Amino acid sequence: MLPITYYVGLSAMLFTIGAVGVLIRRNPIIMFMSIELMLNSANLAFISFSRYLNRMDGHIFVFIIMTVAAAEVAVGLGIIVAIFKSRGDVNVDDLSEMKG
Amino acid sequence: MSFELFAFVILGLVAVVSGIAVITAKNPIHAVMYLVTNFFALAMFYLVLAAQFIAFLQILVYAGAIMVLFLFVVMILNLTGAIESVRDKLPAQKWIAVALAVVLMLEFAAIAGSGSIATPRAGALAESFGTSKPIGLLLYSQYLLPFEVTSVLLLIAMVGSIVLARRRED
Amino acid sequence: MVPVLIWLERKVIADIQIRLGPNRVGPFGLLQPIADALKLIMKEEVTPALVDKWVYRLAPMMMMVPALLSIAAIPIGGTVTIGPRSFALQIMGAYRGPGGFYVPELDAGILLVLALSSLGVYGIVLAGWSSANKYSLLGGMRSSAQMLSYELPLGVALVGPLMLAGTLRLTGVVESQAHPYIWFIIPQFLAFVIHLMSGIAETNRAPFDLPEAEQELVGGYHTEYSSFRFAMFFMAEYLNMVTVSAISVTFFLGGYRLFWNDIAWLGPIWFGMKLLAVLYFFMWIRGTWPRVRFDQLMKLGWKASLPIALANVVVTAAILAFTPGNPTLVLSIASVILSTAAFFGLSYAVSYTLRHKAFAREQELRRRRLEGTVEP
């Protein structure tokens with residue numbers, strides 16, 4: 001069996017990629033996808049620890065994370081569509097008018 | 001080179017490269033496809049890690065439902081044009097982000113190098129590990145409350161998206 | 001499999017429309033599909049100028065591969081033994097070799113099948129988008145909305161039989177229909193109807209073939225495709241049809257079993273016969289049913305199929321939980337009574353409405369004749 005550091009390392013790399021994606025992109029859809037990438041890297045860590053500890057609790061966490069991701073995507077994409085309808089454009093930098 | 005290492009290297013390469021492709025793709029539709037590739041690589045990882053049920057769920061939920069939703073929205077809004085690059089108010093943010101990413105990775109390397117993440121030694125896995133029955137048993141006994149809370153969350157999300165999508169009466 | 005199916009469909013449709021169908025190439029036109037396939041492969045491949053080339057080339061494959069893969073998990077026969085080896089007649093099935101070598105069957109086979117068949121939508125959407133053609137895009141959009149909405153009732157309808165079977169293994173589902181010997185179509189008739197309907201919608205077939213309505217959209221998402229790539233779309237559609245039928249055979253029609261105690265090697269024959277019956281039903285519907293409108297389609301999916309499928313799950317669960325003895329039997333009796341009542345009630349309602357309408361039309365005509373606005 002491989003040392004668990006391999007899997008955790010891969011998970012960390014994917015998480016970093018997702019974080020960078022959120023920071024460098026301005027397209028809300030791609031930012032959303034980067035968030036999904038981060039969630040999935042956490043899932044990978046959960047599953048690998050679950051395998052190495054021989055306990056299935058990690059699987060439950062992944063299950064719940066998937067549900068949360070689905071809910072988040074439904075609402076998030078709804079917001080993006082609503083913004084697009086009212087402004088005809090979506091750029092994250094322009095969406096600061098709610099700061100008052 | 002053992003089979004597990006071989007699988008890890010190949011799948012890890014696919015996952016990392018497609019992940020980088022997601023955040024660098026010009027066209028959101030291409031980004032969606034790279035992300036689907038990434039999810040497939042992760043599903044394969046779950047299979048290697050004896051999480052059969054979660055691997056199928058990964059394909060069913062992420063690739064089959066969530067990403068199709070993404071694709072749908074990208075196509076409805078036709079967000080494929082280069083809407084960013086033109087007016088980026090914070091051009092410096094990119095470089096700071098990359099620098100911070102390097103710091104994060106160095107930090108992880110330091111932790112991994114210090115040996116504080118020990119590989120646990122567990123006994124042989126039961127044959128039913130990762131199948132639907134133990135997951136269901138756990139979900140409906142020990143984790144009943146989180147499960148119910150999640151279902152309420154889904155309900156709220158459903159109501160929320162309907163409210164957002166509804167046309168105003170006026 | 002697919003060429004034979006195309007031949008069969010053309011013959012069946014021709015029969016329904018009182019035509020002869022293909023009859024020139026080979027006896028009974030049997031070689032017609034081979035001629036068609038050859039023609040398609042030999043044709044020039046046209047790639048339009050403005051397409052996103054990469055996605056354009058990938059799309060047919062993204063539709064074809066899941067279609068081929070998802071059949072792999074469906075069992076077509078029981079466990080057979082040759083010498084020291086025994087294996088299930090199923091591509092992703094159990095295998096027990098010499099020396100204790102053992103590969104178990106997939107634990108949640110149905111999840112894999114559903115997951116893979118839900119991937120087919122990528123091919124359609126991406127084909128529609130990458131073609132740089134408004135009609136293709138419209139076809140792709142329609143199709144993705146349709147497949148997203150009908151995936152839910154398709155899956156939820158299967159929950160009832162799964163609860164009765166008590167397992168997610170597909171062979172387990174088939175075996176549980178043998179003891180006691182009741183096919184799940186009887187206790188879960190409602191689920192069967194919803195599953196078939198969503199299956200037809202999911203495979204984009206008439207009367208739900210809006211994504212490729214020739215009269216409205218020129219051709220649909222594959223308008224711009226030619227030659228072998230078009231053939232791939234065509235084949236994937238027929239394969240999806242086979243998958244949906246195979247799932248319904250496995251879940252509702254007793255799978256590969258026909259008798260209580262069967263010779264395992266005969267399984268594929270029974271399976272094939274049941275599969276052909278379901279496929280014939282699909283063709284029959286295509287030959288006799290006019291296409292629905294898009295709003296009707298969405299209404300049917302979200303306001304009818306899904307609530308009914310969910311109610312079916314609730315009722316089945318309640319009966320399973322509170323019935324002492326044999327819940328399958330109780331469900332079967334209830335289902336038979338209910339479906340008979342529903343059948344007679346519906347036919348009465350339809351005939352009453354029709355007579356009522358005819359009467360009203362007659363009255364209107366008489367009135368207008370009296371007024372002199374219509375020539376007698």
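Look above for the structure.
All values reported here derive from a predicted model rather than from experimental measurement. (Residues numbered from 1 in each chain as written. Chains lettered and ligands numbered in written order. Predicted model: local features only at pLDDT ≥ 70, side-chain atom pairs only at ≥ 80, totals over all residues.)

*Asks:* Any chance you could explain the overall build of chain A here in plain terms?
*Replies:* Counting its regular elements, chain A contains three helices and zero strands. For chain A, the α and β elements follow one another from N to C terminus as α-α-α. Across chain A, the fraction of contacts at a sequence separation of at least 24, relative to all contacts at a separation of at least 6, is 43%. (Helix = DSSP H or I, 4+ residues; strand = E, 2+ residues; numbered from the N terminus. Contact = placed C-beta atoms within 7 Å.)

*Asks:* I would appreciate a short explanation of the interface of chain A and chain B in the present structure.
*Replies:* With 62 residues of chain A at the contact, the number on the chain B side is 68 residues. Put simply, the parts of the chain that give the side of chain A that touches chain B at least two residues each are helix H1 (4-24), helix H2 (28-53) and helix H3 (57-87) of chain A. When residues of the side of chain A that touches chain B are assigned to their parent elements, the largest contribution, 21 residues, is made by H3(A). Partitioning the side of chain A that touches chain B into residue classes produces 42 nonpolar, 14 polar and six charged. (Nonpolar A, V, L, I, M, F, W, Y, C, P; charged D, E, K, R; others polar.)

*Asks:* Explanation requested: the arrangement of the chains in the structure shown.
*Replies:* Most contacts, among the two pairs of chains that meet, fall between chains A and B. Nowhere do chain A and chain C come into contact; their C-alpha atoms are at least 13 Å apart.

*Asks:* Help me out: how do you make sense of the interface of chain C and chain B in this one?
*Replies:* It is common to report an interface's size as the accessible area lost on association of the parts. On the chain B side, the residues contacting the 16 residues of chain C number 14 residues. Secondary-structure elements contributing two or more residues to the side of chain C that touches chain B are helix H4 (109-130) and helix H5 (134-157) of chain C. For the side of chain C that touches chain B, the element with the most residues is H4(C), which contributes nine residues. Split into classes, the residues belonging to the side of chain C that touches chain B amount to 13 nonpolar, two polar and one charged.

*Asks:* Looking at this structure, I do not really get the packing of H1(A) against helix H1 (residues 3-24) of chain B. What am I missing?
*Replies:* Two quantities define a packed helix pair, namely the angle between the helix axes and the distance between the axes. Interhelical geometry of H1(A) versus H1(B) gives an angle of 10 degrees and a closest axis separation of 9 Å. With respect to H1(B), the element H1(A) is oriented roughly parallel. For the pair H1(A) and H1(B), the contacting residues are Tyr6(A), Leu10(A), Met13(A), Leu14(A), Ile17(A), Val20(A), Gly21(A) and Ile24(A) in the first and Phe8(B), Gly12(B), Ala15(B), Val16(B), Gly19(B), Ile20(B), Val22(B) and Ile23(B) in the second. Of the residues belonging to the contact of H1(A) with H1(B), the class tally is 13 nonpolar, three polar and no charged. (Axes fitted to C-alpha atoms, helices over the stretch in contact; angles between N-to-C directions. Parallel < 35°, antiparallel > 145°, perpendicular 65-115°, else oblique.)

*Asks:* Looking at this model, I keep getting lost on the packing of H2(A) against helix H3 (residues 52-77) of chain B. Mind explaining?
*Replies:* H3(B) packs onto H2(A) with a crossing angle of 175 degrees between their chain directions and a minimal axis gap of 12 Å. When the axis of H2(A) is compared with that of H3(B), the two are roughly antiparallel. Contact residues: Ile29(A), Met33(A) and Ile47(A) in H2(A); Ile54(B), Phe70(B), Val73(B) and Val74(B) in H3(B). A class-by-class count of the residues in the contact of H2(A) with H3(B) yields seven nonpolar, no polar and no charged.

*Asks:* Any chance you could explain the nonpolar core here in plain terms?
*Replies:* Generally speaking, nonpolar side chains in soluble globular proteins are found buried as a group. If you look at the biggest cluster of nonpolar residues, it comprises 154 residues, and the most contacted ones within it are Val32(B), Leu35(B), Phe56(B), Met67(B) and Leu71(B). With 20 residues, the single largest contributor to this core is H3(B). Dropping the residues within four chain positions of it, Leu71(B) is found in contact with Ile29(B), Val32(B) and Val125(C). (Core = buried A, V, L, I, M, F, W, Y, C linked by C-beta atoms within 7 Å. Buried ≥ 20, exposed ≤ 12 C-beta atoms within 10 Å, placed from the backbone.)

*Asks:* Looking at this model, I keep getting lost on helix H3 (residues 53-70) of chain C. Mind explaining?
*Replies:* Note: α-helices contain 3.6 residues per turn, so residues at a spacing of three or four share the same orientation. Residues and elements named next belong to chain C. In a regular helix each residue adds 1.5 Å, so 18 residues correspond to 26 Å; H3 covers 27 Å between its end C-alpha atoms and thus fits that length. If you check which residues of H3 are buried, you get Tyr56, Ala59, Pro60, Met62, Met63, Pro66, Ala67 and Ser70. In the core, the buried residues of H3 are packed alongside H4 and helix H10 (227-252). (Expected span 1.5 Å × (residues − 1).)

*Asks:* Just to check I follow, could you spell out the environment of Ile83(A) for this structure?
*Replies:* Among the structural elements, Ile83(A) can be located in helix H3. Once the C-alpha coordinates of Ile83(A) and Tyr7(A) are considered, the two residues, 76 residues apart in sequence, prove to be 39 Å apart.

*Asks:* It is not clear to me how unusual backbone geometry should be interpreted in this structure. Could you clarify?
*Replies:* Leaving glycine aside, a negative phi is the common case for residues, and trans is the common case for peptide bonds. Positioned with a positive phi, Asn54(A) is a non-glycine residue whose angle comes to about 60 degrees. Relative to the elements of secondary structure, Asn54(A) occurs in the loop between H2 and H3. The class for Asn54(A) is partly exposed, based on 15 C-beta atoms found within 10 Å. Positive phi, close to 60 degrees, is recorded for Ala50(B), a residue that is not glycine. Turning to its location among the elements, Ala50(B) is positioned in the loop between helix H2 (28-48) and H3. We classify Ala50(B) as partly exposed; it has 18 C-beta atoms within 10 Å.

Just distances and angles here, no functional claims.
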